[in-house]
Amino acid sequence: MLFSSKGKHRRPSKAVRVATLAGVAGAAVAVPLMGATGASAATTSEWDAVAQCESGGNWSINTGNGYFGGLQFSSSTWAAYGGTAYASSADKASKAQQIAVAEKVLASQGKGAWPSCGVGLSAASTGSAPAAAPQKQERTEQPTTRSQQRTAPAAPKRQAKKTVETPAGKKVKKGDGEYKVKAGDTLSTIAEEHGTKGGWAKLFKLNKDIVEDADLIYPGQQLHLK
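1. Side note on the overall build of the protein
Per the secondary structure count, the protein includes eight helices and six strands. The N-to-C order of helical and strand elements in the protein reads α-α-α-β-β-α-α-α-β-β-β-α-α-β. When burial is assessed residue by residue, the protein has 35% of its 226 residues classed as buried. Considering only residue pairs separated by 6 or more positions, the protein has 57% of its internal contacts joining residues 24 or more positions apart. Only carbon and sulfur atoms are counted for the fraction: they give 55% of the accessible area of the protein, which is about 13900 Å².

Structure below.
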């Protein structure tokens, strides 16, 4: 809310509030605020529902997770869609200002900008003022709201190397055992240190899939001990 009543003064009308604001900060400030309350693609109650889902309805929230305000804007999205004209980050802007920016995001990206929480948003209404184009193109892989982050696919895991290189430059199988061979190791010393029943012969048998010669094991190979 931009103003609130105090004492015995009644709450000023919308026209008075806008005129007062224009008198203080100039007509250029009043324009975006009026745009936020004009023709919308979604109702205030719909945005309240999104905020309830995204942030528990806290329009001033900043938990340090990289997303701000009731609708959980990332800093880059807030700036790209003109939010910094209101405040440096969404949590410092009013509810109406956050909704004004959200309308532009909705017109540009659709409900997918809030994939988990925006399912109830209305489609853009006929005759609505066209949303301003974002100030800069964002990287498509960067989630723009917190619910996009929750539904974004996880980055593929890097596959571990399956071979190790011998001093002679030959690649041999690495294995997946619990003991990692270090320089100077032999099957005998490993069996003795770890109390392997059956000694080196048992280790050789357990790891015959990667150890071709009982006298040749290499740093980095991973041997099964039992």
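2. Examining the nonpolar core
Ranked by internal contacts, the top residues of the largest apolar core, which has 25 residues, are Trp 47, Val 50, Leu 71, Phe 73, Trp 78, Trp 114 and Leu 121. In terms of nonpolar packing, the next biggest core, distinct from the first, is built from eleven residues, Val 181, Ile 190, Leu 223 and Leu 225 among them.

3. Notes on the side chain of Gln 98
Residue position: Gln 98 is located in helix H5 (residues 95-109). Apart from the residues lying within four places of it in its own chain, the contact partners of Gln 98 are Trp 59, Gly 69, Gly 70, Leu 71, Phe 73, Trp 78, Ala 90 and Ala 93.

4. A look at the state of the cysteines
Counted under the stated rule, the structure contains one disulfide. Bridging Cys 53 to Cys 117, the disulfide has an S-S length of 2.0 Å. The sign of the -60° torsion about the S-S bond sets the Cys 53-Cys 117 disulfide as left-handed. Of the two residues, Cys 53 is situated in helix H3 (residues 44-55) and Cys 117 in the loop between H5 and helix H6 (146-151); the sequence distance between them amounts to 64 residues. For Cys 117, a relative accessible area of 7% translates into the label buried.

Basis of the calculations
Residues numbered from 1 in each chain as written. Predicted model: local features only at pLDDT ≥ 70, side-chain atom pairs only at ≥ 80, totals over all residues. Heavy atoms only, no water. Helix = DSSP H or I, 4+ residues; strand = E, 2+ residues; numbered from the N terminus. Buried < 20%, exposed > 50% of the residue type's maximum accessible area, 1.4 Å probe, protein only. Contact = heavy atoms within 4.5 Å. Areas by Shrake-Rupley, 256 points an atom, 1.4 Å probe, with all protein chains shown as cover. Core = buried A, V, L, I, M, F, W, Y, C linked by side-chain atoms within 4.5 Å. Disulfide = S-S within 2.5 Å.

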